[in-house]
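Observations on chain architecture
What follows is each chain in one-letter form.
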Amino acid sequence: MAKGIIAKKLGMTQIFDENGQVIPVTVLQAGPCRVIQLKTVEKDGYTAAQLGFDKARPKLFNKAALGHQKGVEEPRRVLREFRDYSEGLEAGQELGPDVFSEGDKVKISGISKGKGFAGSVKRHGFGGGRATHGSGFHRAPGSLNATTTPGRVFKGKAMPGHKGVRRTSVLNVQVVKIDVAQNLLFVKGAVPGPRSAVVTIEALG
């Protein structure tokens with residue numbers, strides 16, 4: 001069964017395993033998430049669970065948003081849907097990091113950090129030109145197109161431009177430690193986004 005949760009990235013630190021080896025980990029505040037809605041094949045054409053995260057004051061929501069979360073004392077600011085995740089769940093149920101277990105491999109998705117305007121070397125990994133003997137070609141993109149035919153630059157050409165702020169996913173991230181009391185999830189390595197970024201965590205397989 002597919003399973004998932006919404007989390008907030010708190011930052012990175014390191015912990016030690018039983019052999020004394022250091023493990024770089026990202027600390028995530030995984031929940032508490034409330035089951036807002038369960039979608040079914042009969043009514044919606046597919047099965048899914050819509051989870052809500054990050055409580056906020058009702059006055060910050062419009063009537064449509066409050067109506068969708070009717071009966072919830074503190075509506076959730078962030079809503080995310082997880083496909084094929086409804087078995088054993090009930091509307092109004094609270095979920096925490098214990099939906100996963102230590103050692104699980106998960107997929108984490110979020111919006112990557114913004115890098116602003118970047119050249120082709122930084123943005124696409126171009127090699128650049130030689131750095132010596134008066135060369136005027138160091139970090140420039142080089143030739144962009146052919147001559148008269150086609151006489152234009154093709155769409156999608158790798159060029160300088162805005163870098164980052166894209167939806168990014170990392171796969172096979174290992175869950176290292178779970179702290180149910182504080183709703184914390186420790187995963188190995190880095191995850192997309194800056195501190196306080198909202199990410200979704202989904203089980204693989």
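First, a word on what this report is: a plain description of the structure on this page. (Residues numbered from 1 in each chain as written. Predicted model: local features only at pLDDT ≥ 70, side-chain atom pairs only at ≥ 80, totals over all residues. Heavy atoms only, no water.)

A few points about the pairing of strand β2 (residues 22–30)
Applicable threshold: Strands pair, by our definition, only if DSSP identifies at least two bridges between them. Numbering of helices and strands runs from the N terminus; a helix is a DSSP stretch of H or I covering at least four residues, while a strand is a stretch of E covering at least two.
Pairing of strand β1 (residues 4–16) with β2, which is carried by 9 bridges, proceeds in the antiparallel orientation. The residue bridging Gln14 from the neighbouring strand is Pro24, located in β2. The hairpin turn running from β1 into β2, its antiparallel successor, is 5 residues long, and Gly20 in that turn takes a positive phi close to 85°. Note that β2 and strand β11 (residues 184–188) share 5 bridges and pair antiparallel.

Structural notes on the environment of Val22
Rule in force here: With a 1.4 Å probe rolled over the protein chains alone, any residue whose accessible area is under 20% of its type maximum counts as buried; one over 50% counts as exposed, and the rest are partly exposed.
Within the element layout of this structure, Val22 appears in strand β2. Looking at Val22, the relative accessible area reads 42%, which means it is partly exposed.

Things to note about the packing of aromatic side chains
Here is the rule we go by: Working definition: a ring pair exists when centres of Phe, Tyr or Trp rings (six-membered ring for Trp) sit within 6.5 Å. Plane angles under 30 degrees give stacked, over 60 give edge-to-face, the rest tilted. A ring has a charge above it when a Lys NZ or an Arg CZ is no more than 6 Å from the ring centre and no more than 35 degrees off the ring normal.
Under the defined criterion, the tally for this structure stands at 0 aromatic pairs. Sitting over the ring of Phe186, Lys177 keeps its end group 5.3 Å from the ring centre.

Some thoughts on the sheet that holds strand β12 (residues 198–203)
The test is simple: Whenever a helix is involved, its axis is fitted only over the stretch in contact; in every case the axis is a line through C-alpha atoms, and angles between N-to-C directions fall within 0 to 180 degrees.
With antiparallel pairing, the 6 strands of this closed barrel are ordered in space as β1-β2-β11-β10-β7-β12. Between one strand and the next, the sheet's axes are offset by a mean angle of 50°, whatever the strand orientation. Two elements, β1 and β12, share 5 bridges in a ladder whose sense is antiparallel. Within β12, the position partnered with Ile5 by the bridge is Ile201.

Here we look at the side chain of Thr26
Rule in force here: Any pair of N or O atoms that falls within 3.5 Å is considered a polar contact. Within protein, one atom must be able to donate a hydrogen and the other to accept it, and sequence-neighbouring residues count only if both atoms are side-chain atoms. In this description, contact between two residues means that some pair of their heavy atoms is separated by no more than 4.5 Å.
Mapped onto the secondary structure, Thr26 falls in strand β2. For Thr26, a relative accessible area of 0% puts it in the buried group. Here the side chain of Thr26 touches Gly189 through a polar contact of 2.5 Å, landing on its backbone oxygen. The residues touching Thr26, leaving out its near neighbours within four places in the chain, are Lys9, Gly11, Met12, Leu185, Phe186, Val187, Gly189, Ala190 and Val191.

Without other data, these values stay purely geometric and don't point to any function.
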